Amino acid sequence: MLGGVLNLYKPAGVTSRVLVERVGRILKAKAGHTGTLDPCARGVILVCFGKATRLVSFFQELDKVYRARFRFGIATDTYDVKGKITAVSSGKLREEDLLRVLGDFRGTFVQEVPPFSACKYRGRPLYQYARRGEHITLRREVTVYQLELLSCLEGEFGEAEFLIHCSGGTYVRSLAHELGQRLGLGAYVAALVRERVGQFRIEESIDVMQKGIGRDFLLERSLPPEKALYFLDAVEVGEEEARCFLHGTPFPSPVPLQAPGMVKVLHGGTFLGLAFWDSLRLLPRVVLAESCHVA
C-alpha cells in the first residue's frame, strides 16, 4: 500500500505532533505532517501516511488561507497569545492608520522567521535557541496575495480581524509582529484559523481527536497520493520506461512536456512516483512502487 494523504482538522490547544501520532496509532503506519500549525491555532493540516510520507515536502509550498485576529498595543516573545509580554504601548489603534500601511504587507517581500518556531538553523529548531536567550535571525521571501481587513476595534489594545491568502512558508505571527512594529504599537496573534491549504478546505477536514475514529474510516477518507498531488502534471509511461523509472535510470519523456519541473509518473494507470523533467529527460526522484507491480 502506497499510503495516502488526509485533510485533518487541528483543534486549538493540540500540537501538530499529537495529531500525527494519533493518525499513526489508528492506521498502524508511519505518518508525517506537511507543515506545522501553531498549538494555539486551529484548522487544516495535511498528514501523509505510509509510503506517502516521502511526498511531504511537495505539499509544503501550497498556498494557505487564514482568518486571523491581531491584538495591538502589546508585543510578546512568541508573537502570539501564549508568549511572554515584551512591550506595552500607550498608543491607540486607528482603522485609518491600519489601512494606510496594509499595502506594504501585500505582494512579495522578505519576512523574518519568528524566534520561537520549528524552522531549523544548523540542524536545530529556532525555539531551542530562543529558550536559551539566543536570538537567531532567519529571513525568507514570502508572498501575500490577499490581506483584507474584515473588522477593526479601535482604541487602546485594539483588535483587527484579517483574511490572509499567502504562499507556503509565510508566518502569520511575523505578519502580526511586523505590522505592530510599523504602527508603533506592537501586536500579536490572538486567534488563528487555517481555512485552506491548496485545494484542501476546512469544511472537508476530519477531527481525528474525536472518539470513535477508526482505521477504516480514515482509509476511506484519505486521498491516494496521485490525487492529492493534483497540482503536478502526470505522464503515462510504457513498460520499458517504467522499468527505467523503478531502477532510478533517467529516460526520455514519451509525451511532450512544457517547462522543467516535477511530474507524476504512471504506468497502466498505476502511480509509480515522481520524476523531474529537466527539458531533456525524466529523472526519477521519488520511487514508491515496487518492480513486481509492473508487468
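Reading the values: the criteria
- Residues numbered from 1 in each chain as written.
- Predicted model: local features only at pLDDT ≥ 70, side-chain atom pairs only at ≥ 80, totals over all residues.
- Heavy atoms only, no water.
- Helix = DSSP H or I, 4+ residues; strand = E, 2+ residues; numbered from the N terminus.
- Buried < 20%, exposed > 50% of the residue type's maximum accessible area, 1.4 Å probe, protein only.
- Contact = heavy atoms within 4.5 Å.
- Areas by Shrake-Rupley, 256 points an atom, 1.4 Å probe, with all protein chains shown as cover.
- Lys, Arg positive; Asp, Glu negative; His and termini not counted.
- Charge placed at Lys NZ, Arg CZ, Asp CG, Glu CD.
- Salt bridge = Lys/Arg side-chain N within 4 Å of Asp/Glu carboxyl O.
- Pairing = 2+ DSSP bridges.
- Axes fitted to C-alpha atoms, helices over the stretch in contact; angles between N-to-C directions.
- Core = buried A, V, L, I, M, F, W, Y, C linked by side-chain atoms within 4.5 Å.
- 1 Å grid on protein atoms, 1.4 Å probe; cavity = no way out; pocket = protein on both sides within 12 Å on 5 of 7 lines; lining within 4 Å.
- Points joined across faces, edges and corners; volume = space filled by probe spheres on them.
- Phe/Tyr/Trp six-rings, centres within 6.5 Å; stacked < 30°, edge-to-face > 60°.

Asker: Explain the overall build of the protein chain to me, please; I cannot follow it from the model alone.
Answerer: Scanning the protein chain from N- to C-terminus turns up 7 helices and 19 strands. C-alpha atoms of the protein chain, sized along the principal axes, occupy 75 × 45 × 35 Å. Expressed as a percentage of the 295 residues in the protein chain, the buried residues total 51%. By sequence separation, contacts in the protein chain at least 24 residues apart represent 68% of the contacts at least 6 residues apart. Counting only carbon and sulfur atoms, one obtains 49% of the accessible surface of the protein chain, whose full area is about 14,500 Å². Mean positive and mean negative side-chain charge positions of the protein chain (39 and 33 charges, respectively) differ by 7 Å.

Asker: Would you explain the pattern of salt bridges in this entry?
Answerer: Oppositely charged side chains can form a pair if their charged atoms are brought close together. All told, the structure shown has 14 salt bridges when counted by the stated rule. One salt bridge in this structure joins Glu 96 and Arg 94, with 3.7 Å as the shortest N-O distance. Since its relative accessible area comes to 53%, Glu 96 is described here as exposed. Since its relative accessible area comes to 40%, Arg 94 is described here as partly exposed. Between Asp 104 and Arg 182 there is a salt bridge, and its shortest N-O distance comes to 2.6 Å.

Asker: I'm lost on the sheet that holds strand β16 (residues 233-236) in this one. Help?
Answerer: Sheet strands line up and pair through hydrogen bonds in the backbone, either parallel or antiparallel. Strand order in the open sheet formed by 4 strands is β16-β17-β18-β19, with mixed pairing between adjacent strands. The open sheet is flanked by β16 and β19 (282-287), the only strands paired with a single partner. Between one strand axis and the next, the sheet turns through 40 degrees on average, direction left out of account. Bridge count for β16 against strand β17 (residues 261-267) is 4 bridges, and the pairing is parallel. Residue pairing for β17: Ala 234 is matched across the bridge by Lys 264. Each of β17, β18 (270-277) and β19 touches helix α7 (residues 239-246); the most contacted strand, β18, lies at about 70 degrees to it.

Asker: Help me understand the nonpolar core, please; the structure alone is not making it clear to me.
Answerer: Soluble globular proteins tend to pack their nonpolar side chains together in the buried interior. Phe 70, Phe 72, Leu 98, Phe 162, Ile 164 and Leu 179 are the most contacted members of the largest nonpolar core, which has 29 residues in total. At the level of secondary structure, the elements contributing two or more residues to this core comprise β4 (64-72), α2 (95-102), β11 (139-153), β13 (159-166), α4 (172-183) and β14 (187-197). Looking at which element gives the most residues to this core, the answer is α4, with 5 residues. Contact partners of Leu 179, with chain neighbours within four places excluded, come to Phe 70, Phe 72, Leu 98, Val 101, Leu 102, Phe 105 and Phe 162.

Asker: In this structure, what is going on with the pairing of β17? I would like to understand it.
Answerer: Most of β17 sits out of view: 6 of its 7 residues are buried. Bridge analysis of β17 against β18 gives 7 bridges, and the strand direction is antiparallel. Bridging from a neighbouring strand, Leu 266 pairs with Phe 271 of β18. Where β17 hands over to β18, the hairpin turn is made up of 2 residues, of which Gly 268 adopts a positive phi near 60 degrees.

Asker: Could you clarify how one ought to interpret the layout of surface pockets in this entry?
Answerer: A probe matching the size of a water molecule, rolled over the atoms, marks out where space remains unfilled. Each pocket or cavity is described by its volume, and for the largest pocket that value is around 1,300 Å³. Every residue lining the largest pocket is counted, 36 residues in all, and those nearest its centre are Thr 36, Leu 37, Asp 38, Ser 117 and Ala 118.

Asker: Sorry, what's going on with the packing of aromatic side chains here?
Answerer: To describe a pair of aromatic rings, you give the distance between the ring centres and the angle between the ring planes. Applying the stated criterion across every chain yields a total of 6 aromatic pairs. Geometrically, the ring pair formed by Phe 70 and Phe 162 is tilted, given 4.9 Å between the ring centres and 40 degrees between the ring planes. One end of the pair, Phe 70, is in strand β4; the other, Phe 162, is in strand β13, and 92 residues separate them in sequence. The pair Phe 70 / Phe 162 is uniform in exposure class, with both members buried. Their ring planes at 85 degrees and their centres at 6.4 Å tell us that Phe 105 and Phe 109 sit as a pair that is edge-to-face. Phe 109 matches Phe 105 in its accessibility class, with the two residues each being buried.

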